[in-house]
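Below are the chains, spelled out letter by letter.
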Amino acid sequence: MGLRNFKVWRGDAAGGELKDYQVDVNEGEVVLDVIHRLQATQEPDLACRWNCKAGKCGSCSMEINGMPRLGCMTRMSTFEEAETVTVTPLRAFPVIRDLVTDVSFNYTKARETPAFAPPAGVAPGDYRMQQIDVERSQEFRKCIECFLCQNTCHVVRDHEENKPAFSGPRFFIRAAELDMHPLDAKTDRKEYAQSAMGLGMCNITKCCTEVCPEHIKITDNAIIPMKERVVDRRYDPLVWLGRKIFRR
Ligand code: SF4
Ligand code: F3S
Ligand code: FES
């Protein structure tokens, strides 16, 4: 494929800028390959988080031409030969350095989400559930915690002030998963999502679903069903509209 033009954001918490590079690209390569070649040949101190290079660890989240994506799953063939490919860090989280951001917001939200709690008297190892119940929430357990959905959601993307009250789509699917668990006795997950996780701040724009690399139907299968059950639909036109427009 030959030399291709890139812009990569370099900097830290104090500020930074896009820098221009020309990097060799080979047939079949992904954006993360190019970042690695840039590190190996021109910029040994370029910071980038990655681990599996197989779309499974969720580490290499970045923004590529403004779209939140996994660097290891974005083929260079996606782009026109003449196109400059711009790589920037996730926008919703504070930059540590270059393409590495501080995603601890998500860990805080994970800690705030009440853990699975089996009924009293059932010991670990004695949990039993039907296969059909296992399958119902299987989709949500595919989450690789890349946080692309969290980074994309407009409720927090440019609104730092909303972060304390909003857990975000990744944790709405966790709530939905536990809500479907026949042994979870902790709490009414739907009510909790509404009262403590900011479910009501979501206006079902579906951007989270669009960027999910695991193709989890976050909005249709987790958020809307939970909203429907906590809110009287006669008084929530958004839910009604969402069903009309989005549901397939
Ligand atoms: Fe990533 Fe999808 Fe999980 Fe969100 S729900 S963290 S986009 S895998
Ligand atoms: Fe945000 Fe997804 Fe709702 S992008 S507004 S959580 S549908
Ligand atoms: Fe693991 Fe990309 S390096 S998902």
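As the structure is a prediction and not an experimental result, all values here were calculated from the model.

Undergrad: Any chance you could explain the site of ligand 1 here in plain terms?
TA: All residues in the neighbourhood of ligand 1 are listed as Cys143, Ile144, Glu145, Cys146, Phe147, Cys149, Arg170, Ile173, Cys212, Pro213 and Ile218. A majority-of-atoms criterion places ligand 1 in the second largest cavity. Of the residues that constitute the shell around ligand 1, the class distribution is nine nonpolar, no polar and two charged.

Undergrad: How should I be thinking about the pairing of strand β5 (residues 85-88) in this particular structure?
TA: Strand residues, when the strand is regular, have side chains that alternate between the two faces of the sheet. By the alternation rule, side chains of β5 split into Val85 and Val87 and Thr86 and Thr88, which are all buried. Where strand β1 (residues 2-12) lies against β5, three bridges are found, and the strand directions are parallel. Note on β5: the bridge partner recorded for Lys7 is Thr86. By the bridge criterion, two bridges tie strand β3 (residues 61-64) to β5 in an arrangement that is antiparallel. Directly across from Ile64, in β5, lies its bridge partner Val87.

Undergrad: Sorry, what's going on with the layout of surface pockets here?
TA: A probe as big as a water molecule, rolled over the atoms, marks out the empty space that is left. Taken as a whole, the largest pocket spans an internal volume of roughly 200 Å³. Around the largest pocket, the lining residues are Met67, Pro68, Arg69, Leu70, Met73, Thr74, Leu148, Glu210, Val211, Cys212, Pro213 and His215. Looking at the lining of the largest pocket element by element, the count peaks at four residues for strand β4 (residues 67-70). The residue makeup of the lining of the largest pocket, split by class, is eight nonpolar, two polar and two charged.

Undergrad: Help me understand the pairing of β1 in this model?
TA: Summarising the sheet, β1 and strand β2 (residues 15-25) pair through eleven bridges and their orientation is antiparallel. Paired with Leu3 across the bridge in β2 is Asp24. What sits between β1 and β2 in their antiparallel hairpin is a turn of two residues.

Undergrad: Looking at this model, I keep getting lost on helix α10 (residues 218-230). Mind explaining?
TA: Given 3.6 residues per turn, any residue in an α-helix points the same way as the ones three and four places further on. In this model, α10 (13 residues) spans 17 Å end to end at C-alpha, consistent with the 18 Å of a helix rising 1.5 Å per residue. At Ile224, α10 shows its maximal bend, which comes to roughly 30°, and the proline Pro225 appears one to four places after that position. Taken residue by residue, α10 has Ile218, Thr219, Asp220, Ala222, Ile223, Ile224, Pro225, Met226, Lys227, Glu228 and Val230 as its buried positions.

Undergrad: Is there a simple way to explain the nonpolar core in this structure?
TA: Grouped burial of nonpolar side chains is what soluble globular proteins tend to show. The biggest cluster of nonpolar side chains holds 59 residues, and the ones touching the most others in it are Phe6 and Val8. If you tally residues by element for this core, the top one is α10, at six residues. For Phe6, the contacting residues outside a window of four places in its chain are Lys19, Asp20, Tyr21, Val23, Val25, Val34, Met76, Thr84 and Val85.

Undergrad: Just checking my understanding: could you explain the site of ligand 2 for this structure?
TA: Neighbouring residues of ligand 2: Cys153, His154, Pro169, Cys202, Asn203, Ile204, Thr205, Lys206, Cys207, Cys208, Thr219 and Ile223. Among the secondary structure elements, those contributing two or more residues to the shell around ligand 2 are α9 (207-211) and α10. Of the residues in the shell around ligand 2, the class split is seven nonpolar, four polar and one charged.

Undergrad: Sorry if this is basic, but what is going on with the pattern of salt bridges here?
TA: A side chain with one charge can pair with a side chain of the opposite charge if their charged atoms come near. For the structure on display, the rule yields 20 salt bridges. Here Arg10 and Asp45 are joined by a salt bridge, their closest N and O atoms 3.1 Å apart. Of this pair, Arg10 sits in strand β1 while Asp45 sits in the loop between α1 (31-41) and β3, and the two are 35 residues apart along the sequence. Given a relative accessible area of 11%, Arg10 falls into the buried group.

Undergrad: What's the story with the packing of helix α7 (residues 169-179) against α10 in this structure? I'm lost.
TA: The description of two helices packed together rests on the angle between their axes and the distance between the axes. Interhelical geometry of α7 versus α10 gives an angle of 65° and a closest axis separation of 9 Å. Viewed along their axes, α7 and α10 adopt a mutual orientation that is roughly perpendicular. Regarding α7 and α10, the two cross each other, and that crossing is left-handed. On the side of α7, the interface is formed by Pro169, Phe172, Ile173, Ala175, Ala176 and Asp179, while α10 contributes Ile218, Ala222, Ile223, Met226 and Arg229. Along the lines of polarity and charge, the residues of the contact of α7 with α10 split into nine nonpolar, no polar and two charged.

Undergrad: It is not clear to me how unusual backbone geometry should be interpreted in this structure. Could you clarify?
TA: For residues other than glycine, phi is negative in most cases, and the peptide bonds are mostly trans. Positive phi, close to 50°, is recorded for Asp98, a residue that is not glycine. Mapped onto the fold, Asp98 is located in the loop between β6 (95-97) and β7 (100-101). Asp98 gets classed as buried once you look at its relative accessible area, which sits at 2%. In this structure, His215 takes a positive phi of about 55° despite not being glycine. When you line up the elements, His215 lands in the loop between α9 and α10.

Calculation rules
Residues numbered from 1 in each chain as written. Chains lettered and ligands numbered in written order. Predicted model: local features only at pLDDT ≥ 70, side-chain atom pairs only at ≥ 80, totals over all residues. Heavy atoms only, no water. Near = heavy atom within 4 Å. 1 Å grid on protein atoms, 1.4 Å probe; cavity = no way out; pocket = protein on both sides within 12 Å on 5 of 7 lines; lining within 4 Å. Sits in = over half its atoms within 2 Å of the grid points. Nonpolar A, V, L, I, M, F, W, Y, C, P; charged D, E, K, R; others polar. Buried < 20%, exposed > 50% of the residue type's maximum accessible area, 1.4 Å probe, protein only. Helix = DSSP H or I, 4+ residues; strand = E, 2+ residues; numbered from the N terminus. Pairing = 2+ DSSP bridges. Points joined across faces, edges and corners; volume = space filled by probe spheres on them. Expected span 1.5 Å × (residues − 1). Bend = angle between axes of the 7 residues up to and from the residue. Core = buried A, V, L, I, M, F, W, Y, C linked by side-chain atoms within 4.5 Å. Contact = heavy atoms within 4.5 Å. Salt bridge = Lys/Arg side-chain N within 4 Å of Asp/Glu carboxyl O. Axes fitted to C-alpha atoms, helices over the stretch in contact; angles between N-to-C directions. Parallel < 35°, antiparallel > 145°, perpendicular 65-115°, else oblique. Left-handed = near helix turned anticlockwise from the far one by under 90°.

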